[in-house]
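Structural description and commentary
So you can see what is in the structure, the chains are spelled out below.
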Amino acid sequence: MSVLEALRVPDGLSARVPAEERGAGRDDVRLMVSRGTAVAHHAFRELPGLLRAGDVLVVNTSTTLPAAVNARLGGERLVVHFSTRGDAGPSGAAPTGGVWAVELRSPDGAGSTLPRAGGPAGARVRLPGGGVLVPREPLVEGSPRLWWAAVSVDVPALLARYGRPIRYRYTERDQPLSAYRTVFALPAPDGSGSAEMPSAARPFTESLVTELVRRGVQFAPVTLHTGVASAEAHEPPYPERFEVPAATAWLVNAARASRRTGGGRRTGEGGRAGEGGRIVAVGTTAVRALESAAGPDGTVRPSAGWTDLVVTPARGVRVVEGLLTGLHEPAASHLLMLEAITGREALTRSYTEALRHRYLWHEFGDVHLVLPAEDAH
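Note that the structure is a prediction, hence the values are computed from the model and not measured.

**Digging into the pairing of strand β10 (residues 146-151)**
Counting buried residues in β10 gives 6 out of 6 residues, a clear majority hidden from the surface. A two-sided burial pattern is seen for β10, the buried positions comprising Leu146, Trp148 and Ala150 on one face and Trp147, Ala149 and Val151 on the other. Here strand β6 (residues 99-107) runs beside β10; their pairing, made up of 5 bridges, is antiparallel. Of the residues in β10, the one forming a bridge with Trp100 is Ala149.

**Comments concerning unusual backbone geometry**
Following Gly119, the chain continues into Pro120 via a peptide bond in cis, with omega recorded as 5°. Turning to its location among the elements, Pro120 is positioned in the loop between β7 (113-115) and β8 (125-126). Located in the positive-phi region is Arg358, a residue other than glycine, with phi close to 55°. Although it is not a glycine, His362 sits at a positive phi angle of roughly 80°. Structurally, His362 can be placed in the loop between α9 (344-356) and β18 (367-371). Residue classification places His362 among the buried positions, given a relative accessible area of 16%.

**Things to note about the sheet that holds strand β11 (residues 218-224)**
The sheet built from 9 strands is open, its strands ordered β2-β1-β18-β17-β15-β3-β11-β12-β16 with mixed pairing. In this open sheet, the two edge strands, each paired with only one partner strand, are β2 (38-43) and β16 (303-307). When the angles between neighbouring strand axes are averaged without regard to direction, this sheet yields 20°. As paired strands, β11 and strand β12 (residues 240-244) are joined by 2 bridges and run antiparallel to one another. Within the sheet, the bridge partner assigned to Leu224 lies in β12 and is Phe242.

**Comments concerning the domain arrangement of the chain**
Assigned domains of the chain: these are domain 1 (19-64 + 179-371) and domain 2 (68-164). A straight line from the C-alpha centre of domain 1 to that of domain 2 covers 30 Å. Every contact between the two is made by 14 residues of domain 1 and, on the other side, 15 residues of domain 2. At the surface where domain 1 touches domain 2, the tally comes to 2 salt bridges. Note that Arg241 is salt-bridged to Asp87, the shortest N-O span being 2.7 Å. Taken together, the links from domain 1 to domain 2 amount to 11 residue pairs in polar contact (both at pLDDT 80 or more). Considered class by class, the residues forming the side of domain 1 that touches domain 2 number 5 nonpolar, 5 polar and 4 charged.

**A short note on empty space enclosed by the protein**
Applying the stated criterion across every chain yields a total of 2 cavities of 30 Å³ or more. By volume, the largest cavity amounts to about 60 Å³. For the largest cavity, the full set of lining residues is Leu65, Ser83, Thr84, Arg85, Trp100, Ser192, Gly193, His225 and Arg241. Per-element accounting of the lining of the largest cavity gives the leading share, 3 residues, to strand β5 (residues 76-85). Classifying every residue of the lining of the largest cavity gives 2 nonpolar, 5 polar and 2 charged. In terms of domain composition, the lining of the largest cavity takes at least three residues from each of domain 1 (19-64 + 179-371) and domain 2 (68-164). Estimated volume of the second largest cavity: approximately 40 Å³. Taken together, Ala19, Arg26, Val29, Arg202, Pro203, Glu363, Phe364 and Gly365 make up the full set of residues lining the second largest cavity. Among the residues forming the lining of the second largest cavity, the class breakdown is 4 nonpolar, 1 polar and 3 charged.

**Points about the packing of aromatic side chains**
Aromatic ring pairs are reported here in terms of the distance separating the ring centres and the angle at which the planes meet. This model, assessed by the stated rule, comprises 7 aromatic pairs. Between Tyr180 and Phe364, the ring centres sit 5.3 Å apart and the planes meet at 55°, which makes this aromatic pair tilted. Of this pair, Tyr180 sits in the loop between α4 (155-162) and α5 (206-214) while Phe364 sits in the loop between α9 and β18; the two residues are 184 residues apart in sequence, bridging distant segments of the chain. For the pair shown, Tyr180 and Phe364 are each scored as buried. Taking 5.7 Å as the distance between ring centres and 35° as the angle between the ring planes, the aromatic pair formed by Phe184 and Phe219 counts as tilted. With a gap of 35 residues between them, Phe184 in the loop between α4 and α5 and Phe219 in strand β11 connect regions that are remote in the sequence. Classification of Phe184 as buried rests on a relative accessible area of 12%.

Conventions used here
- Just so you know, the residues in each chain are numbered from 1, in the order the chain's sequence is written.
- This being a predicted model, a pLDDT of at least 70 is required before a residue's local features are given, and a value of 80 or more before pairs of side-chain atoms are given or counted; all residues contribute to the totals for chains, interfaces and linings.
- The side-chain numbers reported here are obtained from all heavy atoms of the structure, hydrogens and water having been left aside.
- Buried, partly exposed and exposed residues are distinguished by accessible area as a fraction of the type maximum, computed with a 1.4 Å probe on protein chains only: under 20%, between the cut-offs, and over 50%, respectively.
- Runs of H or I in DSSP of at least four residues are treated as helices and runs of E of at least two as strands, each being numbered from the N terminus.
- We treat two strands as partners when DSSP finds at least two bridges between them.
- Axis geometry follows a simple rule: fit a line to the C-alpha atoms, using only the stretch in contact for helices, then measure angles between N-to-C directions, giving values from 0 to 180 degrees.
- Note that the domain bounds reflect an automated or database-derived domain assignment.
- Contacts between residues were defined by any pair of non-hydrogen atoms, one from each residue, lying within 4.5 Å.
- Salt bridge, as used here: a side-chain nitrogen of Lys or Arg that lies within 4 Å of a carboxyl oxygen of Asp or Glu.
- Polar contact is the term for a pair of N or O atoms within 3.5 Å; when the atoms are in protein, one must be able to donate a hydrogen and the other to accept it, and sequence-neighboring residues count only if both atoms are side-chain atoms.
- Gly is put with the polar residues, along with every residue not named as nonpolar or charged; the nonpolar set is Ala, Val, Leu, Ile, Met, Phe, Trp, Tyr, Cys and Pro, and the charged set is Asp, Glu, Lys and Arg.
- Here the term cavity refers to a set of points on a 1 Å grid, laid over the protein atoms alone, in which a 1.4 Å probe fits but cannot get out; the term pocket refers to an open set having protein on both sides within 12 Å along at least five of seven lines, with lining residues being those that place an atom within 4 Å of a point.
- Grid points are joined across faces, edges and corners, and a volume is the space filled by probe spheres set on the points.
- The aromatic pairing rule takes the rings of Phe, Tyr and Trp, using the six-membered ring of Trp, and pairs them if the centres are within 6.5 Å, calling planes under 30 degrees apart stacked, those over 60 edge-to-face and the rest tilted.

In structure tokens:
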């Protein structure tokens, strides 16, 4: 077992309510900044002073769906987590409501849920309003958690009327859907979205975005509709829908080219000269989308469809140089991506520091900015 895997996050470090209920607003969270093994501690509101003119923040514009719905299977009470909209599905033509990857959970009596094996195949799960969901087969062979299921009703309409945000047991109480949407969230024409919030962007506010733009930081949108995470087993991510638009591909490629030619050199308002044009992803979902659109040479091309990419140290990253992300549990597969960007030694150091300084974990918690080691000063 590695040092990182041996770290344990105390229950008291789970963020149980949103930052605006703990303090002065969404951006009232702490920001740990690591450059290689050098770690510094800031407030998130200091982010504009930590970035440079010409830097590119890649943000996920997927909106969060009210993806949890009460249901019944015979006399059994269930909660259905609608995870990912499928194509025609593994069994041919799509039913009226389409085919969705779903997670069936058992209510815990306190507003959250407990794990439950999916299926059985062919069962008729009754949805509110008279709809029916029929599990077909597991999404991943050998894993009982997520199943492809046929749905008899329009799912976005079902969620809009009966759904609520997915809530995990470490949170204190239910929150409105607005608490689970970021300032970058945009509605999709077909009603698609994320089952869980792309939470790294949650601390951003309109005023902070305005200040970043005023200082010359650029924003590049991508879309990746996140599915239901494996809260208990920490399974690796499965295929998800994504899009990298042409404008984002152009901006990222131009910033990288500018750095190679030395054209990205800027002097920040603090008087420190530095080379802008760094590609900093806001969240692991933005990394996954952008890296899925990159060729072996790091050139990003407009792309859309499904990605099954899992970023690991062995695969490495081709485009992303920095990452703004939440804090992940030591067993989470997301840490492989962080290790690919920053290295094992630096990652272990930063997480040790996060525990020592009692940073808060999960979607309402504090955040971690990883910048290139050569930026240490």
